[in-house]
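Coordinates in review
What follows is each chain in one-letter form.
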Amino acid sequence: MRKSLCYMIIFWLAVTALLDVRVSAVSTDQIPGWPKAPEIVETTGVLVEDSTGTVLFDKGMHDRMYPASTTKILSALLAIENSDLSEEVVFTETGTAAVTPDSANIGMQIGETLTMEQCLYAMLLASANEVSSQVAEHVAGSVEGFAQMMNQKAAELGCTDSHFVNANGWHDEEHYTSAYDMALILRAAIRNETFRKISGSQSYVIPPTNMNSEPRELGNHHAMLMPGPYHYEGVFAGKTGSTDEAGNTLVTACRKNDITLICTVMQSQEAAVVEDTAKLFDYGYGKFQKLQMTDPALTQEGGYAYVPAEASAADVQSQDTPQGDLVASQYLYQGVPVGTALAAAPASVSGAEAGTGAEGSLSDGQISPADQTGEDTLLDIRPAAEEHKKVYYVIIGVLSLLILLCLALIVRVIFRNKKI
């Protein structure tokens, strides 16, 4: 009997350990010296520091997910880049077909006209599906043509996990993305002044139109931007999304102390997306620091590393590549990319020896000229994440064998007892 009890205890401990490994899908927690991240209920999520591209938190950030209405971030960015705000958008059957009781809309009618600027407010604040579809037709001639533009733009931004088939995020098996790709897309969008202004607005009023005598009052669906219990200081842009298949999803940008963080959480329920985004922002601002790694007088671009608060410049390695009179550097902490620099030669000015621990110099809300191009992409820690997954698989394999052994021993003991 004692042996049976002992085997059962071993079995329970093994099962608990196996469950812990399976639940703990946060790859960044496995980086030596990395602050342990808060738990989130969402299936996937990512937290990125904007200027260095450092991935601070990775929970399945490359897993394929449905974006729902966060799709409209990319749709709005493309509309801004390919039209004038004063252009008139005339609604056709393409847009008004999306005016249904179960779809977010502002009740547009065939023949009704809005300016492109009004359309953008309707898309980003009220998440109006019919407006998104009509804007797509206006810009590209058809929703299908606009989807091609979306996929091309996503590829240019470095997205590798995405494929879009519509402009509003209606569920489709072939309309998907990842937490990391959505961070890339919002990172590009916030470099656009018009997007920042519209996405960060708490409200907007569309005046009477040619077919509607009443003004339409729009309120931002993003609770962290609005007054109330979920308001988070520093949040300045983002988008909500929700469908039965996608669950609740949220993409958000926040700026504090000259540091911009971008957070994506996907497939959740109700208020958890807001609460967990706040947890991740607290983690990103409280557990990390921005170190200056190159001489500011010689730095052309970058020059910073975003690392754990307990780390120093001596803990950061530099991989330098000569580029004529300049030196391109990639900064690594425990093998994980944490920043880049393009600085004047000699190479000795870059790397850990030049680190001062100084903070960045941008004021709140500003974006550096180098960032405004939107051509740079986030540093990818996929190789590091893959190594951590291999460790998971080895541990799971060992624990599985242990569980099978325990089961076999328990069955053997029970069989012997019955035989006696």
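One structure accompanies this document, and this report is about it. (Residues numbered from 1 in each chain as written. Predicted model: local features only at pLDDT ≥ 70, side-chain atom pairs only at ≥ 80, totals over all residues. Heavy atoms only, no water.)

Points about the sheet that holds strand 11 (residues 299-302)
With antiparallel pairing, 4 strands are arranged side by side in an open sheet as 11-15-14-13. The strands lining the two open edges of the sheet, one partner per strand, are strand 11 and strand 13 (317-323). Averaged over all neighbouring strand pairs, the angle between strand axes comes to 20 degrees, with direction disregarded. One ladder, built from 3 bridges, connects strand 11 with strand 15 (residues 336-344); its direction is antiparallel. When the bridges of strand 15 are listed, Gly-302 appears paired with Ala-341. (Pairing = 2+ DSSP bridges. Helix = DSSP H or I, 4+ residues; strand = E, 2+ residues; numbered from the N terminus. Axes fitted to C-alpha atoms, helices over the stretch in contact; angles between N-to-C directions.)

Here's the deal with the pattern of salt bridges
Scanning all chains against the criterion turns up 6 salt bridges. The partner of Asp-50 in a salt bridge is Arg-187, and the shortest N-O contact between them spans 2.8 Å. A residue pair is termed long-range when its members are at least 10 positions apart, and Asp-50 in the loop between strand 1 (44-49) and strand 2 (55-59) and Arg-187 in helix 7 (residues 179-189) qualify at 137 residues. The pair formed by Asp-50 and Arg-187 is uniform in burial state, with each residue classed as buried. The shortest N-O distance in the salt bridge between Asp-50 and Arg-191 comes to 3.1 Å. (Salt bridge = Lys/Arg side-chain N within 4 Å of Asp/Glu carboxyl O. Buried < 20%, exposed > 50% of the residue type's maximum accessible area, 1.4 Å probe, protein only.)

Comments concerning the side chain of Ser-268
Counting through the fold element by element, Ser-268 comes out in strand 9 (residues 259-268). Classification of Ser-268 by relative accessible area gives buried; the value is 3%. A distance of 2.9 Å separates a polar atom in the side chain of Ser-268 from a polar atom in the side chain of Glu-42. Among all residues touching Ser-268, those that are not within four sequence positions of it are Val-41, Glu-42, Gly-247, Asn-248 and Val-273. (Polar contact = N/O pair within 3.5 Å; in protein donor to acceptor, adjacent residues only side chain to side chain. Contact = heavy atoms within 4.5 Å.)

Some points on a negative patch on the surface
A contiguous patch of negative charge on the surface is contributed by Asp-172, Glu-173, Glu-174, Asp-244 and Glu-245. For Glu-245, the location among the structural elements is in the loop between strand 7 (235-243) and strand 8 (247-256). Judged by relative accessible area, Glu-245 falls into the partly exposed class, the value being 37%. (Patch = residues over 30% accessible without salt bridge, like charges linked within 9 Å, V, L, I, M, F, W, Y side chains within 5 Å. Areas by Shrake-Rupley, 256 points an atom, 1.4 Å probe, with all protein chains shown as cover. Lys, Arg positive; Asp, Glu negative; His and termini not counted. Charge placed at Lys NZ, Arg CZ, Asp CG, Glu CD.)

Things to note about the environment of Ile-198
Note that Ile-198 resides in helix 8 (residues 193-199). On the accessibility criterion, Ile-198 (1% relative accessible area) is buried. The residues contacting Ile-198, other than those within four sequence positions of it, are Leu-120, Tyr-121, Leu-124 and Leu-125.

Focus on unusual backbone geometry
Unusually for a residue other than glycine, Gln-267 sits at a positive phi of about 65 degrees. Relative to the assigned elements, Gln-267 resides in strand 9. Owing to a relative accessible area of 32%, Gln-267 belongs among the partly exposed residues under this scheme.

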